[in-house]
Amino acid sequence: MIPDPLAQLPDYPFARLRTLLGDTPPGKPPVDLSLGEPQHAPPAFLTEVLDRNADGWRAYPPVAGTPEWKAAVCGWLARRYDLPEGMVDPAAVLPASGTREALFALGQLLLPAGLAGTGGADGTGGTARAPLVIMPDPAYLPYLGAAVLNGATPWPVPWSRTAATGGFPSLPDTVWEQARMAYICSPSNPQGTLVSREGWRRLVEKARATDTILIADECYSEIYDREAPAGVLEAVRDLGGSLKNVLVLNSLSKRSNAAGLRSGFIAGDPDLVAAFARMRAYGAAGMPRPVQAASAALWNDETHVEENRALYRRKFDLAEKILGHRPGFRRPEGGFFLWFDATGLGPSSEAVALRLWAEQGVKVLPAQYMMVGSDSLPEDRMRLRIALVATEDRLGEALERLNSLQPA
Ligand SMILES: Cc1ncc(COP(=O)(O)O)c(C=O)c1O
């Protein structure tokens, strides 16, 4: 028997896109800009380090992470966010086999239908509050899965409206009081907007005041246009350094073009990290030792990250050159998506995505497939998410084709 909550979830966006496009042939040689899968090469030393550590394939991976991996992650966090020595110590970081699984598994840890309700793995003895999970709308949908599959109620925040408050959502206090978790993504997927340092500070303070767990998804933090995005840990530092109620996740998928490595981390509140580690001992796959070694080498190197960022900037330039004149165009501050306004090109974002494929062979994700709330903002409904991942030639060609679509 498939449990009921699963039926409440829509199919995952890419499955919906496959269904939408069905057997429709592409109007021109296909270019796929639907998936946020980096196409730049990871640095060559990645495979060298994997090979040098091949001995580790025999061993079961330590769920808590090797000392070298932990030192690399703590060192990177301290350098990137200018943190005082020891603010994030090795006990406060855990490997995640890609951040997606950790973002999802946190629901199991923190929500009443998961461990918290059966005694409280986090030491709270469980919670009697009606569980809400605050999340952006549109969203990366594992947040929605984590909430719904653990019996909680998603509380979508129309994310485009948070620009004026630096990413601090305007919500009634009663919502914060009933919320167990708040997922906040910066740079945001899909809009590419940033939470400011002040925004993070207000979020941390509000989360603590209402005993909500703030989950900062920063997996696009190293792909940015002009200004390095502020991180939640800077706000934590400014507030005195206590990690209470705060978890941050980051990943090598985008930073190092290594989505296939499945390597990320979760860091923050030592009590929550310890509880997560205890839960993971029962069921997590663990990050293989060679992957931990290669990940440590990647976190210790910034040269390849700077090169990668420069490549994305050229793609932002290209997109602005081709599409910048269109109403509603916004160059993203971070991440690698365009949140393209398709108003006038069809009756819905889904219809435009189908049309773009059928006429021009360009595959993109309709806004509708990332929506969490039924009353999502009208200005978001006609958007397409366009991943600026293809090579410059192919990307330029695809964006020109998009630009040539005639009003419907
Ligand atoms: C917003 C957001 N968070 C997290 C992830 C997960 O990345 P990974 O599991 O590769 O670390 C993605 C991947 O596309 C994403 O878009």
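Residues numbered from 1 in each chain as written. Predicted model: local features only at pLDDT ≥ 70, side-chain atom pairs only at ≥ 80, totals over all residues. Heavy atoms only, no water.

Asker: Just to check I follow, could you spell out the nonpolar core for this structure?
Answerer: One broad rule of soluble globular proteins: the nonpolar side chains tend to lie buried together. Among the nonpolar cores identified, the biggest contains 52 residues, and Leu77, Val88, Trp200, Val232 and Leu233 are the most heavily contacted of them. With seven residues, helix 4 (residues 67–81) is the largest single contributor of residues to this core. The residues contacting Leu77, other than those within four sequence positions of it, are Asp82, Leu83, Val88, Val93, Leu233, Phe265 and Ala267. (Core = buried A, V, L, I, M, F, W, Y, C linked by side-chain atoms within 4.5 Å. Buried < 20%, exposed > 50% of the residue type's maximum accessible area, 1.4 Å probe, protein only. Helix = DSSP H or I, 4+ residues; strand = E, 2+ residues; numbered from the N terminus. Contact = heavy atoms within 4.5 Å.)

Asker: Where do I start with the site of the ligand in this structure?
Answerer: In the region of the ligand, 15 residues are neighbours, and Thr99, Asp217, Tyr220, Ser251 and Ser253 sit closest. Protein coverage of the free-state accessible area of the ligand, which is 400 Å², stands at 92%. When atom positions are compared with the pocket grids, the ligand is found to occupy the largest pocket. Taken together, the elements giving at least two residues each to the shell around the ligand come down to helix 5 (99–110) and helix 10 (252–255). Among the elements that make up the shell around the ligand, the one with the highest residue count is helix 5 (three residues). (Near = heavy atom within 4 Å. Areas by Shrake-Rupley, 256 points an atom, 1.4 Å probe, with all protein chains shown as cover. 1 Å grid on protein atoms, 1.4 Å probe; cavity = no way out; pocket = protein on both sides within 12 Å on 5 of 7 lines; lining within 4 Å. Sits in = over half its atoms within 2 Å of the grid points.)

Asker: Hey, could you run me through empty space enclosed by the protein in this one?
Answerer: This structure, assessed with the given rule, holds one cavity of 30 Å³ or more. A volume near 30 Å³ is recorded for the largest cavity. Around the largest cavity, the lining residues are Trp159, Ser160, Thr162, Ala163, Gly166, Gly167, Thr193 and Leu194. (Points joined across faces, edges and corners; volume = space filled by probe spheres on them.)

Asker: What should I look at first to understand the side chain of Gln191 in this one?
Answerer: Take Gln191: it is sitting in the loop between strand 5 (179–185) and helix 8 (197–209). Not counting residues up to four positions away in its chain, the partners in contact with Gln191 are Pro138, Trp159, Ser160, Arg330, Pro332 and Trp339.

Asker: What is the right way to look at helix 4 in this model?
Answerer: In an α-helix there are 3.6 residues to a turn, and that puts residues three or four apart on one side. The end-to-end C-alpha separation of helix 4 is 21 Å, in line with the 21 Å expected for 15 residues at 1.5 Å each. Turning to helix 4, its buried residues number three or more, namely Trp69, Lys70, Ala72, Val73, Cys74, Trp76, Leu77, Arg80 and Tyr81. Contacts made by the buried residues of helix 4 are with strand 2 (93–96), helix 9 (232–238), strand 7 (246–251), helix 10, strand 8 (264–268) and helix 12 (289–299). In the stretch just after helix 4, Asp82 is the one whose phi turns positive, near 55°. (Expected span 1.5 Å × (residues − 1).)

Asker: In this structure, what is going on with the layout of surface pockets? I would like to understand it.
Answerer: Size it by volume and the largest pocket reaches roughly 560 Å³. If you go around the largest pocket, you meet 28 residues; those closest to its centre are Leu35, Gly36, Arg100, Tyr140 and Lys254. Along the lines of polarity and charge, the residues of the lining of the largest pocket split into 16 nonpolar, six polar and six charged. Residue contributions to the lining of the largest pocket reach at least three from each of two domains, namely domain 1 (4–41 + 304–403) and domain 2 (46–301). (Nonpolar A, V, L, I, M, F, W, Y, C, P; charged D, E, K, R; others polar. Domains from an automatic or database assignment.)

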